[in-house]
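Tertiary structure, described
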Amino acid sequence: HAATEITFNLMAVVGDKLMALDRELRVAEGDMLIADIKNKMRIEEEKRANYKIENIRRKHNYIPLIMEMLKILSEKGMLLPLTEKAKEKLASKSSTKKAGPS
């Protein structure tokens, strides 16, 4: 960010959507309304389950896995060819970018 640039993050504290839907369900009348509220609750629960999985993935330490994979690739003699291929791909991408659109 530039020295003159002002950045901020706007966050809000909001109530628990699942609790609000539960309260709404208790006073709801009519099969259609009840089914709609239950569907919204199911969607909210799925969102929370996905958030939980995402948090686990974000917090997990993948370094031992990556190191083991690199070690295996090296032992099989595949690491050097893969790195050379990646370098060539990167070089071709950068040369294509420099050439510009045709």
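Remember, predicted model here, so these are calculated numbers, not experimental data. (Residues numbered from 1 in each chain as written. Predicted model: local features only at pLDDT ≥ 70, side-chain atom pairs only at ≥ 80, totals over all residues. Heavy atoms only, no water.)

Some details on the overall build of the protein chain
When helices and strands are counted, the protein chain shows four helices and zero strands. Counting helices and strands in the order they occur from the N terminus, the protein chain gives α-α-α-α. The C-alpha radius of gyration of the protein chain comes to 26 Å, more than 25% above the 13 Å expected for a compact globule of 102 residues. Principal-axis analysis of the C-alpha atoms places the extent of the protein chain at approximately 65 × 45 × 35 Å. Relative to its full complement of 102 residues, the protein chain shows a buried share of 6%. Here the protein chain has roughly 9700 Å² of accessible surface; of this, 62% comes from carbon and sulfur atoms. If the 20 positive side-chain charges of the protein chain are averaged to one point and the 15 negative ones to another, these points end up 7 Å apart. (Helix = DSSP H or I, 4+ residues; strand = E, 2+ residues; numbered from the N terminus. Rg over C-alpha atoms; globule rule 2.2 N^0.38 Å. Buried < 20%, exposed > 50% of the residue type's maximum accessible area, 1.4 Å probe, protein only. Areas by Shrake-Rupley, 256 points an atom, 1.4 Å probe, with all protein chains shown as cover. Lys, Arg positive; Asp, Glu negative; His and termini not counted. Charge placed at Lys NZ, Arg CZ, Asp CG, Glu CD.)

Quick word on a nonpolar patch on the surface
Taken together, the side chains of Y62, I63, L65, I66, M67, M69 and L70 define a hydrophobic patch exposed on the protein surface, amounting to about 680 Å² of accessible area. Residue position: I66 is located in helix α3 (residues 63-75). (Patch = residues over 30% accessible without salt bridge, like charges linked within 9 Å, V, L, I, M, F, W, Y side chains within 5 Å. Salt bridge = Lys/Arg side-chain N within 4 Å of Asp/Glu carboxyl O.)

Here we look at the side chain of E44
Structurally, the position occupied by E44 is in helix α2 (residues 31-59). Classification of E44 by relative accessible area gives buried; the value is 10%. Aside from chain neighbours lying at most four places away, what touches E44 is K17 and L18. (Contact = heavy atoms within 4.5 Å.)

Looking at a positive patch on the surface
A surface patch of like charges, here positive, comprises K85, K89, K93 and K97. Examined against the element boundaries, K85 turns out to sit in helix α4 (residues 79-99). Judged by its relative accessible area of 58%, K85 is exposed.

A word on the environment of K59
As for its position among the elements, K59 is in helix α2. Spatially, the C-alpha atoms of K59 and E5 are 31 Å apart, while their sequence positions differ by 54 residues.

Some words on the pattern of salt bridges
Pairs can form between side chains of opposite charge whenever their charged atoms are close. One pass over the structure, following the stated rule, counts nine salt bridges. The salt bridge involving E68 is made with K71; its shortest N-O contact spans 3.6 Å. Of this pair, E68 and K71 both sit in helix α3, three residues apart, roughly one helical turn. Classification of E68 by relative accessible area gives partly exposed; the value is 37%. A relative accessible area of 43% places K71 in the partly exposed class. If you follow the salt bridges from partner to partner, you end up with D16, E44, K47 and R48 in one network.

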